[in-house]
Amino acid sequence: MSSSILENIRSFKDSLPSSVVLVAVSKTKSAEQIMEAYEAGQRIFGENKIQEMEAKHKELPKDIQWHMIGHIQRNKVKYMASFVSLIHAVDSLKLLREIDKQAKKHNRSINCLLQIKIAEEESKFGMDEEEALVLLSSEEIREFKHVNVIGLMGMATFTSDTSKLDAEFGSLARFYETLKSTHNFSVLSMGMSGDYRQAIEHGSTMIRVGSAIFGAREY
Ligand SMILES: *Cc1c(COP(=O)(O)O)cnc(C)c1O
């Protein structure tokens, strides 16, 4: 017997350390399913498609905090700039410039994370550490008044090999620690349904969990 969304949220809330924020990844899931998690007290939801997130934002309670966790096309930033609460997968200065521009139109600041590539899989996006350092020390980033880079995000290889996960999460956590105080970082987003326990052991402060809450996705 599979447990309900409500029970899953409750058991996450009971078992997670207080230092770890749960993002319920609701991509492909219906408003009803999201509301079931909402009734259990969940307020932070993650989506990977901007227009799907925009539609859900319109339809659902306004105290939900929407996180964009997917890869972003610059021309779509405008659709989420008025409401998005955290953008996890920033991977270029160009994208940051567009987020700054769109946030300015709404007279707000948007919190962002830099996505660092830690997996070996080619399909995974992100910058390497060198590129992130170049971005963070660029002249231009200091002129952006409407974006706050508050941490890092990474996706590990899809594997049950715990030594591989240790290596990937470990390297991201070390990089995070080297930047944390100088850049005032407070968020390390790593860990999904299959690997969040290891991610937390390595110091994750934010996990992005979909299927362990909502069940398997059907596309
Ligand atoms: C889909 C997705 C998740 C959640 O994956 P699950 O394995 O279902 O927990 C987390 N992060 C990103 C970036 C995703 O696209």
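Since this is a predicted model, take the numbers as computed values, not measurements. (Residues numbered from 1 in each chain as written. Predicted model: local features only at pLDDT ≥ 70, side-chain atom pairs only at ≥ 80, totals over all residues. Heavy atoms only, no water.)

S.K.: When you look at the site of the ligand in this model, what are you seeing that I'm missing?
M.R.: Residues in contact with the ligand, as listed here, are V25, K27, I69, M153, M155, M192, S193, R208, V209, G210, S211 and R217. At 2.8 Å from an oxygen atom of the ligand is found a main-chain nitrogen or oxygen belonging to S211. Isolated, the ligand exposes 390 Å² of accessible area, and the fraction of that covered by the protein chains is 91%. Listed by contribution, the elements that provide at least two residues to the shell around the ligand are β6 (147–155) and β8 (206–209). For the shell around the ligand, the class distribution of residues is six nonpolar, three polar and three charged. (Near = heavy atom within 4 Å. Polar contact = N/O pair within 3.5 Å; in protein donor to acceptor, adjacent residues only side chain to side chain. Areas by Shrake-Rupley, 256 points an atom, 1.4 Å probe, with all protein chains shown as cover. Helix = DSSP H or I, 4+ residues; strand = E, 2+ residues; numbered from the N terminus. Nonpolar A, V, L, I, M, F, W, Y, C, P; charged D, E, K, R; others polar.)

S.K.: I'm lost on the packing of helix α1 (residues 5–15) against helix α2 (residues 31–39) in this one. Help?
M.R.: Packed helix pairs are specified by the crossing angle of their axes together with the interaxial distance, meaning the distance between the axes. Orientation of α1 relative to α2, taken along the N-to-C sense of each, is 40 degrees, at an axis distance of 8 Å. As the angle between them shows, α1 and α2 are arranged oblique. Considering the relative orientation of α1 and α2, their crossing is right-handed. Of the residues in α2, those touching α1 at I5, L6 and I9 are Q33, E36, A37 and E39. Residue composition of the contact of α1 with α2, grouped by class: four nonpolar, one polar and two charged. (Axes fitted to C-alpha atoms, helices over the stretch in contact; angles between N-to-C directions. Parallel < 35°, antiparallel > 145°, perpendicular 65-115°, else oblique. Left-handed = near helix turned anticlockwise from the far one by under 90°. Contact = heavy atoms within 4.5 Å.)

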